[in-house]
Amino acid sequence: MLNTVAPSKTAPVPTGLALPTIGWECAGRNTADTLKLLCEQLTPQRRVVHTGDTIYQAGERFGNLYILNSGFFKIVNLSADGREQVVGLKFRGDWLGFDGIAGSRYSCDAVAMDTGEIWVVSYEALLAACVTHPGLLQVLHTAMSREISHDRDSLMSVCTLPADARVADFLRYWAETLAERGMRTDEITLRMTRAEIGNYLGMTLESVSRALSRLARDNVIGFATKGRRDVQIPDVGALSAFVQRCLAPAPAMLQ
C-alpha cells in the first residue's frame, strides 16, 4: 500500500551533493532560477516526502501540479490486471502531474524513491499568474517541452538499442541529468532496484545485471559497494561511446 504524503514546512537536506566546479554550477543555475521564480510568484505549498510516498494516484481528480525541489520520483502506470510499469523518472526541477490536465484526472502514480521535497502548485492559480507574469508561462511550456522530448528519447532507446546499450544509455541519462542540476556524476546512487530498471527499460532483471557486469568489465563503470547501488562513472562520455560501439556493425569475416 502506498503512503500518502502529509504537508510539512520542514525542508530536507538535498540528496545530491553539489560540487564546486564552475561548469556544473552554471548548468544548475537554470533549475535554481526556475524554482526561485515559482517560489516568488506562486508561494507554493512545500511538502517533505519519504521513500514510498505517493503524491497522487491514477484516477484521482486533477487540481495541482508538483515541482520536485529535491529527491527522486518514479512515475508508474498500472494496467487493468494489476501489472505495474515504470514510465518515467523525475529529478530536481522536474514537474509532475501533466498527465492529469487533458482528462481532469491523473493517469499514473507518482512515487518517491528517496527523501525529498515537492512544491504543490494549484493549476488554476498557475494559469491566472501566467496572465500577469509571462515568464511563468515560458517556464511551464519549457517543462512540458522537456517532458515530451525525454519521452521521445526514451522510446527511441527502448525500441532501437540492444540490451547492453540500453542500460548504458540509461546511466548516461541519469548522470547527465544530475550534472545539469549541478550535482556530482562521478559516483551516483541508483534509487531503483535491478527489477525496476528492467521494468523501465523493457528488460529482465537478469539482462540488466549482465549489462552492468559487462560495463564494469569494460571499465566503463565501477561499483563502490557490495550492494552495487553506488555506481562509479569516471567518464560519462565513455557511456555514450559504449552505446556507439554496440550499434557499430560487426567487421566482415575474411573467407
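What counts, and where the lines are drawn
Residues numbered from 1 in each chain as written. Predicted model: local features only at pLDDT ≥ 70, side-chain atom pairs only at ≥ 80, totals over all residues. Heavy atoms only, no water. pLDDT = per-residue confidence, 0-100. Helix = DSSP H or I, 4+ residues; strand = E, 2+ residues; numbered from the N terminus. Contact = heavy atoms within 4.5 Å. Phe/Tyr/Trp six-rings, centres within 6.5 Å; stacked < 30°, edge-to-face > 60°. Pairing = 2+ DSSP bridges. Axes fitted to C-alpha atoms, helices over the stretch in contact; angles between N-to-C directions.

**Details of the confidence of the model for the protein**
Detailed conclusions should not be drawn from predicted coordinates in areas where pLDDT is low.
(1) Moving on: The share of residues in the protein with pLDDT of 70 or more is 85%, and the mean pLDDT across the chain is 85.
(2) Moving on: Mean pLDDT across the secondary structure elements of the protein bottoms out at helix α1 (residues 22–27), with 41, and peaks at strand β8 (residues 109–112), with 97.
(3) Moving on: Predicted confidence for residues 4–27 stays below pLDDT 50, and this span has 50 contacts to residues more than four positions away or in other chains.

**Thoughts on the packing of aromatic side chains**
(1) Moving on: The full count for this structure, using the stated rule, is eleven aromatic pairs.
(2) Moving on: Centroid distance Phe62 to Tyr123: 5.2 Å. Interplanar angle 65°. Geometry classified as edge-to-face. You can see Phe62 sitting in the loop between β3 (53–56) and β4 (64–70) and its partner Tyr123 sitting in helix α3 (residues 123–132), a full 61 residues away along the chain.

**Quick look at the sheet that holds strand β9 (residues 116–122)**
(1) Moving on: Read from one edge of the open sheet, four strands run β2-β9-β4-β7, paired in antiparallel fashion. Looking at strand neighbours, the two that pair on one side only are β2 (45–49) and β7 (95–96), the edges of this open sheet.
(2) Moving on: Most of the contacts of α3 go to β9, to which it runs at about 70°, and overall it touches β4, β7 and β9.

**Thoughts on the sheet that holds strand β12 (residues 230–232)**
(1) Moving on: What the three strands build is an open sheet, ordered β10-β12-β11; its pairing is antiparallel. For this open sheet the edge positions go to β10 (187–189) and β11 (222–223), each flanked by a neighbour on one side alone.

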